[in-house]
Structures are given as structure tokens and as C-alpha cells.
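Topology and contacts: notes
Chain by chain, the residues run as shown.
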Amino acid sequence: MADTDRDGRPSFQDEFPIPDHDEWRAAAVESLGGKPFEKLVTPSYEGIPIQPMYRREDAEEFTAAHTLPGQAPYVRGSRAAGYLAQPWAIAQELPYGSPAAFNRALRSDLEHGQTAVNLLLDGPTRAGKDPDAARLGEVGRGGVSLATVEDVAAALKGVDLSATPLFVRAGTVALPLLALLAAHLRRAGRPVADLHGCLEDDPLGALAHEGTLPLSLPRAYDEMAQLTRWADEYAPRLGTIAVHTYPYHNAGGNAVQELAFGLATAVAYVRALAERGVDIAVAARHVRFDFAVGGHFFMEVAKLRAVRLLWAQAAAAFGGDEEAQRLHLHARTARRNKTTTDPYVNLLRVTTEALAAAVGGVDSLHVAPFDEPLRPPDEFSRRIARNVQVILQEEAHLTEVIDPAGGAYAVEALTEALAREAWALFQEVERRGGMAAALQSGFVQAAVAAVAEKRAANLAKRRDVLAGTNQYANATETPLPADATDYEALYRERAAQMAHYRTHDDDPTVHQIALERLSQMLSAAPEEMVETAIAAAEAGATLSEITRTLRVRDEARPTIVPLPLGRASEPFEALRARALSPTLSQGARESDPLILRERDGARESDPLALRERDGERGKPPRLFLANLGPPRQHKARADFTQGFFEVGGFQVLTNNGFKTPAEAAAAALDSGAPAVVICSTDETYPELAPPLVAAIKAESPETVVLLAGRPAEQLDALRAAGIDEFIYLGADVVAVNNWLLDKIAEG
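Residues numbered from 1 in each chain as written. Predicted model: local features only at pLDDT ≥ 70, side-chain atom pairs only at ≥ 80, totals over all residues. Heavy atoms only, no water.

1. What to know about the sheet that holds strand β16 (residues 704-708)
What counts is decided by this rule: Pairing between strands is defined by DSSP: at least two bridges between them are needed. Secondary structure elements are taken from DSSP: a helix is a run of H or I of four residues or more, a strand is a run of E of two residues or more, and numbering for both begins at the N terminus. Only the stretch in contact is used when fitting a helix axis, every axis being a line fitted to C-alpha atoms; angles between N-to-C directions are given from 0 to 180 degrees. It only takes one pair of heavy atoms within 4.5 Å for two residues to be counted as in contact.
Ordered by their spatial adjacency, five strands build an open sheet running β14-β13-β15-β16-β17, and the pairing between neighbours is parallel. Every interior strand has two partners, whereas the edge strands, β14 (651-653) and β17 (725-727), have only one. Averaged over all neighbouring strand pairs, the angle between strand axes comes to 30°, with direction disregarded. Pairing between strand β13 (residues 622-627) and strand β15 (residues 675-679): five bridges, direction parallel. In the strand pairing of β15, phenylalanine 624 is matched with valine 676. Sitting on the sheet, helix α25 (residues 631-646) touches β13, β14, β15, β16 and β17, and the angle it makes with β15 is about 150°. Running over the sheet, helix α26 (residues 661-671) touches β13, β14 and β15 and is turned about 170° from β13.

2. Quick word on the packing of helix α6 (residues 174-187) against helix α8 (residues 217-234)
Selection criterion: An angle below 35 degrees is treated as roughly parallel, one above 145 as roughly antiparallel, one from 65 to 115 as roughly perpendicular, and anything else as oblique. Charged means Asp, Glu, Lys or Arg here, nonpolar means Ala, Val, Leu, Ile, Met, Phe, Trp, Tyr, Cys or Pro, and polar covers whatever is left, Gly included.
Following both chains from N to C, one finds α6 and α8 inclined at 30°, their axes separated by 9 Å at the closest point. By the angle between their directions, the pair α6 and α8 is classed as roughly parallel. Across the interface between the two elements, Ala174, Leu175, Pro176, Leu178 and Arg186 of α6 pack against Glu223, Gln226, Leu227 and Trp230 of α8. Considered class by class, the residues forming the contact of α6 with α8 number six nonpolar, one polar and two charged.

3. Regarding helix α12 (residues 297-317)
To keep it simple, the criterion reads: To estimate how far a helix should reach, multiply one less than its number of residues by 1.5 Å. Exposed residues in this analysis have more than 50% of their type's maximum accessible area, buried residues have under 20%, and partly exposed residues fall in between, with area computed by a 1.4 Å probe over protein chains only.
Spanning 21 residues, α12 covers 31 Å between terminal C-alpha atoms, matching the ideal 30 Å at 1.5 Å per step. The element α12 is extensively covered by neighbouring structure, given that 16 of its 21 residues are classed as buried. Where α12 terminates, the next one or two residues include glycine 319, which has phi positive at roughly 95°.

4. What to know about the sheet that holds strand β10 (residues 364-366)
Read from one edge of the open sheet, eight strands run β3-β10-β9-β8-β7-β6-β5-β4, paired in parallel fashion. Edge positions in the sheet fall to β3 (89-90) and β4 (117-119), since each of these pairs with one other strand and no more. Relative to strand β9 (residues 329-333), strand β8 (residues 287-293) is paired through five bridges, and the arrangement is parallel. Its bridge partner being in β9, alanine 292 is matched across the sheet by arginine 332. Of the strands in this sheet, β8, β9 and β10 touch helix α13 (residues 345-360), which is tilted by about 170° from β9.

5. A look at the pairing of β9
This is how it is decided: Classification remark: right-handed applies to a crossover when, strands pointing away from the viewer, the course from the first strand over the helix to the second runs clockwise.
The buried fraction of β9 amounts to five of the five residues, a majority that puts the element mostly inside the structure. Here β9 shows a buried face lined by Leu329, Ala331 and Thr333 and a second buried face lined by His330 and Arg332. Handedness of the β-α-β unit built from β8, α12 and β9 comes out right-handed. Here three bridges tie β9 to β10, and the two strands are oriented parallel to one another. Counterpart to arginine 332 in the pairing with β10 is histidine 366. In the classification by handedness, the crossover that spans β9, the intervening α13 and the parallel β10 is right-handed.

Structure follows, in C-alpha cells:
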């Protein structure tokens, strides 16, 4: 008969005793067959070991984990009710070039589940240039081209901004853009208080990935202060400052670096605003953090929790109260791990990342369409991406649970470890003079590059996996069509619109009034600058005219070495593209004009898909597997070899095995393949490999012969017999495939 507990219920503790940690560890070691327990511990790029199991004791001293949601330091969420009262905003980016195209997509998506406007700007707009002053190919690439109040009206036609938050990644033109937005609302008879969301002013973020700014940092901080003061008075729900950590994530950095460099950026902004009379209470109301969410689920959840703790600590140090310590948080699924090869796998990646963002407690979220690395999304890919969020809210019911990660020992322990490491790195940045100085000295770039190099090496050696790209490649896939947008035509269309706008004579007084308003900006007091800029926009001044007037007496502009943004799969995609153009040399591949990348990281055009579109796609080079013996003798290495070279774009010719080296050599020569890989066992190689190589080389000396495996004691003998190279677990798949393509091109 079982004992009873204090409530009179049966207790089975005697029959099923609870093992302590030491007993569990002993059982785990026993199951490892003599290997050390540390084999179960997973290293991370953050330098934080991931334990195989976490216990209550691992999170006991993390006091923030024992608070309630909505309580400072807000690790468990900024609102007590979590998503019960207000779900996160579905804020899908719509990277269409013209205001009309953007509006068509936006209105359709708002009718089908999207709940926020997420407005990306093209490069010229972010730089404060009108489209007729841009270079051919820039206008409309990666975002919408805006220059006038009429453009804003066209982009936002039919959208109720009082009910729909507006997010604009403004770069360094937040104030001029606000002038256009406010002028649009006033012309429409709407109050500017309707504006809510965020005009994302982030000069240090722009500097990190662009390498330069169109204005000096002091001038950028002046505009930030003027914009923030205006918003606090006239549009109190509108954020004006964003801290984007995208550059650090998409350049290959780790979560500790994202947190530390993001916090250092925010602290730099708070200090600059304080010097200009904006206190922490006002600044904090208008700050938003923007994070990329990658594929390490638990690390990403912990990262989003840790940033709330770090911001609360920093805000408190500036004298901010609990309200100032409350963080506004936006996230988007990362670009770094997305691929153009087997792009539908991106759907799986973004689903995991979106779940991590929701569990981590974001206020708004963008889920990237699966074709984002290739082109502006079509209606289908937009719908699938949007529905990932809809399903998480309405079918997974994540909006009905407050802080679902709360109390999970693994998440709490990782949150504490991330916050601790990030705070230490943040303090190092502060010792170096702050974020701007750390970027100027190259400290940030070097730290990120060190992690990115480790990631690249692990992908090349397939210790890390990008499914469909460096493992399990689909050798027969048909690439998606590349970006079909005619950017030259779009440039000419927008330039013609601007020419008409500047020269039409419907009202000859319009230009004179605009010039008068612009001249008033030159003498306006700082506290009057935003209203004067809005008046100029209402009178017809363009984005470029307002921007140039604001910065007419600016100082020298900063220049740094930018962070090299990119996707981790690019070396593998270049391999696949090169395989379809085998004569392309190693050096030419790196400067191939078909391999295009925007410096802003908006998207990269897949060279393979571009060649498909342009009719330049060739046939992949063939590689013959000389499988020796029955399947049990060769199959493991044959399968490994097939996967190894399909990653590089080869057409692998396999078979069920040959009884003799002579049969294998004859079949290899008959295939006409320029490369052959011998697959068997280490024990049989001394007998079988030399005659096979000799037979092939005698008939076709230029044929490249490789061997699957790397038997250390046989290497010299096998090389002497004519083996050109070896492939094995841990080999650099990018280097070996490129080497083989070089050898084939030489032959």
C-alpha cells in the first residue's frame, strides 16, 4: 500500500524514487560507453556551454527570473498580461519600389492578417536623395522610393494610421521623413497624434553596415533630439529611435555581441540626447530595439529576455524609473541563415525563428518570405510568411499564455549567462570610448569577424548544417526565378515624376512658397526645426531639399570599415553557380557581376537563378563513383561522396559496385566523367586502388582521381599510385569542390 501525502493522496515516492543529479550523471556516463560526460556538453559561439540538462539549482540565483511578468527588470515581459490584452503586431516588410506597388501589397495584406505597416526605404531615400539624383539601379531596390508628400499619400492610401502602427526603417532621414508624413496627415485633415509605431532613427546602425553617413554624428544627434522632443509633445505614441542589431547578426556575430553592441548603441543615444536636453524619461518612451532572430531556438529566446534586463539596468543607471526601464522590442527573422538553394527550407527556418521571437516576448515581428534572398516576394510567399504568424497566434494559441518560457531552467540559465557576458562586453566598449569609437577603431568589426570565421569554417567542414545547401543538396532542383523588376524603367519613371513635380506650372506660387519655407529652416531655433520642416513639406519641398537644408552647415562625416553583411550560404551558392559555368576561374568567380549584393543587406541576387533567367545555365560537370565490391563494402562512402559533391553542383554517377578494378576503370572511362572517386574500405584500398588508378590514368591522364577516406598510414603510397586528393569527414567541402572545379577547368 502506497503512503499518502499531506493532502491524503497516494504517494509513490518509495516505489519511484527521484534520482539526484549525481545518479543521473552516473547513468549518462555509463551510457556513453566510457566517453567523458563532457561529450554531452555542446559548445556555443557565445562561449556559453550548453548543458545536456538544467536543474532548479542552475537558475536559483537569477533573481530576475523570480519576478512577475510586467515587473522590472521585465525579463518575463514588458506587460503583466503578456499577449492576452495585445498580441504582437504582425509587421511584414514589403520591399516594393514604387509607392503605388507598395500600397497595393500593403492594402491586400492588411485585409489578410497583417496588423502593422512596415515600410522599407530604398537606398537613395535613406540617404536623403530624391530619385532623380540617384544612380541607375538604386531606385526602388530593397524598398520604396519616397520624395514628396504625394509619394507618402500614394504609399499610405486607404490606411488608417490612427489604428495601424507604422514602422519605417529611416536610417538617417527620420526627421525629413516625419516632415513628409506629418504634412500628409495635415493635408488630409488628420491629427499628427495619429502617428504611432516608430520612425527608426539609427545613425550608428547605419554607420556599422554602410561604412559612412550622409551627415556628421553630432548633426545626427541634433536631429534625433529635435525629432524626439517633437514626438513627445505632438505624437507621444510614436517611437523615434531604433537600435538595430541586424548588422552584427547578419555579419556573423553571436548573441553576446548583438546584446552588448546594441546596448552600447542605446547608451550612446541616451547620452547624446541628455546633452541636448532630452532626459531619460522622454528618451526611453521613444526607444525601440530591433533584433534579428536566428536558428538556435533556446539561445534566441534567452537573447530577447536578456535584452530587457540589460536595458532596465542601463536605464536605471541614467536615473530612469520603472516605466523608463520598460523595453519596446521588434524582431525579424534573420537573413544570415537563409539560402537561395532549396529555398523552401527557409520556411522551416523562419517558423522556428518566429516561435522563438513570440516566446521571447517581442512586441512586433517580421517573418521573411522564403524567397527573400532572391527577389521581392510574390503574393504566395508573402501569404505563407504572414500566415506563420497568424498560425502562431490563432492556432498555436501563443497569445493565451503569459511568458511561456518562464521557469524553464535552461532558458533562465541561458538568459542569465547571456546578460552577464553581454554586460562585460558592453563595459569593454565603454572603456574604449563608447560605440562610435569602438566602430571607428575596428574593435567591433574584429570581434564579429572572429566569430564569423568560426561559423564559416564549421559550415565548410559541415560541422554546422544548412539543410539543402551544405548537406542534403537537391541535385535536380530548378532555381526560382530571380528578381524580374526592371530597375532601369523604375528609375526613369520616378525621375520623370520628379521632373514634372519640379517644373509643372499649375500654380506658379508653389515653388516660391516652398523656397521661403526652406529658407526659414536656416534660421529656425532647434525647438522650432521640426514644425518648420513640416511647413516646408506642406508647401511642396522634397525629401532631398529638406535634408540638404537641415545639414547645410554640417561638419565632416564619419567613415569606418563597414561590417561585411552576407548570408552564410553564399560560398556554397557560388559553388553551384560555378559548376554550371565550369570555365569560370577562381578569381573571376569572386568578381562575377551576376553575384550582386546590396550594401544595406536588403537582398542578394542568386547567381544560379540569374543564369537560369538569362539562358546561361550550363550542364553540371559529371563525377563518377568507382564503387568497389558489394554494397556493404562501398555504400557508406559512396553515399558520403555523393552528398559531398552534390553540394558543389556535380552530377554524381553512382552504381551498385564492381567486382574488379578493371571493370570499374572501364565504366569510369566510358562515362566520360572528368573526375572519379574510388569508394571502398581502408582494408581493401592497398590492393584495389593502385590498379584502378593506373588503368584510368593510362587511358585518360587528365582525369582527376580522388579517394573516399583518408587512411593515414596509406597516404604516401596512395598518392604515389596516382590518387590526386582525398575526401573525408571534416574535409573542407568548399575548398575541395573549388579545387576539383579548377582541375577540371585546367583539363
